[in-house]
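Observations on the three-dimensional arrangement
Residues per chain are reported as follows:
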Amino acid sequence: MKRILVAGVSGAIGGALAEALLERDEESRVVGLARDPARVPEPLRSHSRLTVLAWDAEDDQSPGAVARALEKTIPASAGIDTLIYAAGLLHDGAVFPEKRLEELKANSLARAFAVNATGFALLVQALLPWLRHRELKRIAAISAKVGSIEDNRLGGWYAYRSSKAALNMLVRTLSVELPRRCKPVACVSLHPGTTDSALSDPFRQSLAQLQVHSAAETAGNLVAVIEGITSEDNGRFLSWDGSELPW
């Protein structure tokens, strides 16, 4: 993994992934995407092998702008070998996980789908020219176990669950098409495990019984899984420990 793009690099997991990838291989080059590049922490933002580009998962014109800017850093003819989609929305000032149906709002659903699912598909679409080289391409979407339809026994969290389920379906569908056009390729969904971050902070009490990893630990786990992925893993839903999860 030498030429890597990480979407959502200003988040806890995305930033930790970029750091881990840069430390793992001194020849690697990482392009990080963030809604606000200024929010990418120092010294990561000023790392000599990291380029940060502005990108907004809720703006359907943003992937095209990323492609034009990326051409100046990594030409499409050189390609990228790893794409990690680490952007995600669980809550912010206007969105919070629903406990019951009455709390569901159309705007929350729309935003969750835009960030957690649509943004991924449109980014892969824009980066298709970078995926046509003959080396193995790894496309990893950071999903969530709560996006598993089969595993849903608790209910609630309508917007987050359904948008992550949509992300999983996009991964699965891409895993069918991309081998016809960009072989060899592996497109997978990854459950990162419970991570100590701003995303999980409001649920600290309910997480007391779960195994919670630091962002650095999560990144280390995910990088190990991603590095081990081959074209035979195309279309799989994997957990942070490498085990397979039900769709």
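These remarks concern the structure in this document.

Rules used in this analysis
Residues numbered from 1 in each chain as written. Predicted model: local features only at pLDDT ≥ 70, side-chain atom pairs only at ≥ 80, totals over all residues. Heavy atoms only, no water. Helix = DSSP H or I, 4+ residues; strand = E, 2+ residues; numbered from the N terminus. Rg over C-alpha atoms; globule rule 2.2 N^0.38 Å. Buried < 20%, exposed > 50% of the residue type's maximum accessible area, 1.4 Å probe, protein only. Contact = heavy atoms within 4.5 Å. Areas by Shrake-Rupley, 256 points an atom, 1.4 Å probe, with all protein chains shown as cover. Lys, Arg positive; Asp, Glu negative; His and termini not counted. Charge placed at Lys NZ, Arg CZ, Asp CG, Glu CD. Axes fitted to C-alpha atoms, helices over the stretch in contact; angles between N-to-C directions. Parallel < 35°, antiparallel > 145°, perpendicular 65-115°, else oblique. Left-handed = near helix turned anticlockwise from the far one by under 90°. Nonpolar A, V, L, I, M, F, W, Y, C, P; charged D, E, K, R; others polar. Pairing = 2+ DSSP bridges. Polar contact = N/O pair within 3.5 Å; in protein donor to acceptor, adjacent residues only side chain to side chain. 1 Å grid on protein atoms, 1.4 Å probe; cavity = no way out; pocket = protein on both sides within 12 Å on 5 of 7 lines; lining within 4 Å. Points joined across faces, edges and corners; volume = space filled by probe spheres on them. Phe/Tyr/Trp six-rings, centres within 6.5 Å; stacked < 30°, edge-to-face > 60°. Expected span 1.5 Å × (residues − 1). Arc of directions from axis to C-beta. Right-handed = clockwise from strand over helix to strand, strands pointing away. Disulfide = S-S within 2.5 Å.

Moving on, we come to the overall build of the protein. When helices and strands are counted, the protein shows five helices and nine strands. Secondary structure of the protein in N-to-C order comes out as β-α-β-β-α-β-α-β-α-β-β-β-α-β. Here the C-alpha atoms of the protein give a radius of gyration of 17 Å, agreeing with the 18 Å that 2.2 N^0.38 yields for 247 residues. Taken along the three principal axes of its C-alpha coordinates, the protein extends 50 × 40 × 35 Å. Taken across its 247 residues, the protein has 49% of its residues classed as buried. Considering only contacts within the protein whose residues lie at least 6 apart along the sequence, 69% involve residues at least 24 apart. For the protein, the accessible area works out to roughly 11800 Å², and carbon and sulfur atoms hold 51% of it. Charged side chains in the protein number 28 positive and 29 negative. The centres of these two groups are separated by 4 Å.

Running from N to C, helix α1 (residues 12–24) and helix α5 (residues 215–228) point in directions that differ by 60°, and their axes come no closer than 8 Å. With respect to their mutual orientation, α1 and α5 come out oblique. In this structure, α1 crosses over α5, and the sense of that crossing is right-handed. On α5, the residues touching Ala 12, Ile 13, Ala 16, Leu 17, Ala 20, Leu 21 and Arg 24 of α1 are Ala 215, Ala 216, Thr 218, Ala 219, Leu 222, Val 223, Ala 224 and Glu 227. For the contact of α1 with α5, the class distribution of residues is 12 nonpolar, one polar and two charged.

Time to look at the pairing of strand β4 (residues 82–85). Along β4, one buried face is formed by Thr 82 and Ile 84 and the opposite face, lined by Leu 83 and Tyr 85, is buried too. Pairing analysis gives four bridges linking strand β1 (residues 3–7) to β4, with the strands arranged parallel. Among the inter-strand pairings, Ile 4 is bridged to a residue of β4, identified as Thr 82.

This part covers the environment of Asn 152. Mapped onto the fold, Asn 152 is located in the loop between β5 (137–142) and α4 (158–182). With 13 residues separating them in the primary sequence, Asn 152 and Ile 139 have C-alpha atoms 25 Å apart. A distance of 3.3 Å separates the side chain of Asn 152 from the side chain of Arg 161, its partner in a polar contact.

The subject of this paragraph is empty space enclosed by the protein. Over the atoms, a rolling probe the size of a water molecule traces out where space has been left empty. Inspection of every chain in the model, using the stated rule, returns one cavity of 30 Å³ or more. There is about 50 Å³ of room inside the largest cavity. Looking at the largest cavity, the residues that line it are Leu 89, Leu 90, Val 95, Phe 96, Pro 97, Glu 98, Ala 112, Ala 159 and Tyr 160. Among the residues making up the lining of the largest cavity, the classes are represented as eight nonpolar, no polar and one charged.

It is worth spelling out the packing of aromatic side chains at this point. By the definition in use, this model includes four aromatic pairs. Ring centres 5.8 Å apart and planes at 85° place the aromatic pair Trp 55 and Tyr 85 in the edge-to-face group. Of the two residues, Trp 55 is situated in the loop between β3 (50–54) and α2 (62–73) and Tyr 85 in strand β4; the sequence distance between them amounts to 30 residues. Since its relative accessible area comes to 5%, Trp 55 is described here as buried.

Another point: α2. Look at α2: 17 Å from first C-alpha to last across 12 residues, which is about the 16 Å you get at 1.5 Å a residue. For α2, the complete set of buried residues consists of Ser 62, Pro 63, Val 66, Ala 67 and Leu 70. In a view along the axis of α2, the buried residues occupy a sector of 140°, so they form one face of it. What points out from α2, more than 90 degrees from its buried face, is the exposed set Arg 68 and Lys 72. Those residues of α2 hidden inside the fold are in contact with β1, β2 (29–34), β3 and α3 (106–126).

In this section: the sheet that holds β3. Sheet architecture is open: seven strands sit in the order β3-β2-β1-β4-β5-β6-β9, paired in parallel fashion. Each edge of the open sheet is held by one strand with a lone partner, namely β3 and β9 (237–239). Averaged over all pairs of adjacent strands, the angle between their axes in this sheet comes to 20°, without regard to strand direction.

For β5, the buried fraction is high: six of the six residues fall into the buried class. With burial as the criterion, each face of β5 is covered, one bearing Lys 137, Ile 139 and Ala 141 and the other bearing Arg 138, Ala 140 and Ile 142. Judged from the four bridges that link them, β4 and β5 form a sheet pairing that is parallel. Residue pairing across strands places Tyr 85 opposite Ala 141, the latter belonging to β5. Where β5 and strand β6 (residues 185–191) come together, six bridges link them in parallel fashion. Opposite Ala 141, over in β6, you have Ser 189 as the bridge partner. In this region the chain leaves β5, passes through α4 and returns to the parallel neighbour β6; the handedness of that crossover is right-handed.

A few words on the state of the cysteines. Applying the stated criterion to the full structure yields zero disulfides. Distance from the sulfur of Cys 182, which forms no disulfide, to the nearest cysteine sulfur (Cys 187) is 10 Å. Assessed through its relative accessible area of 0%, Cys 187 is described here as buried.

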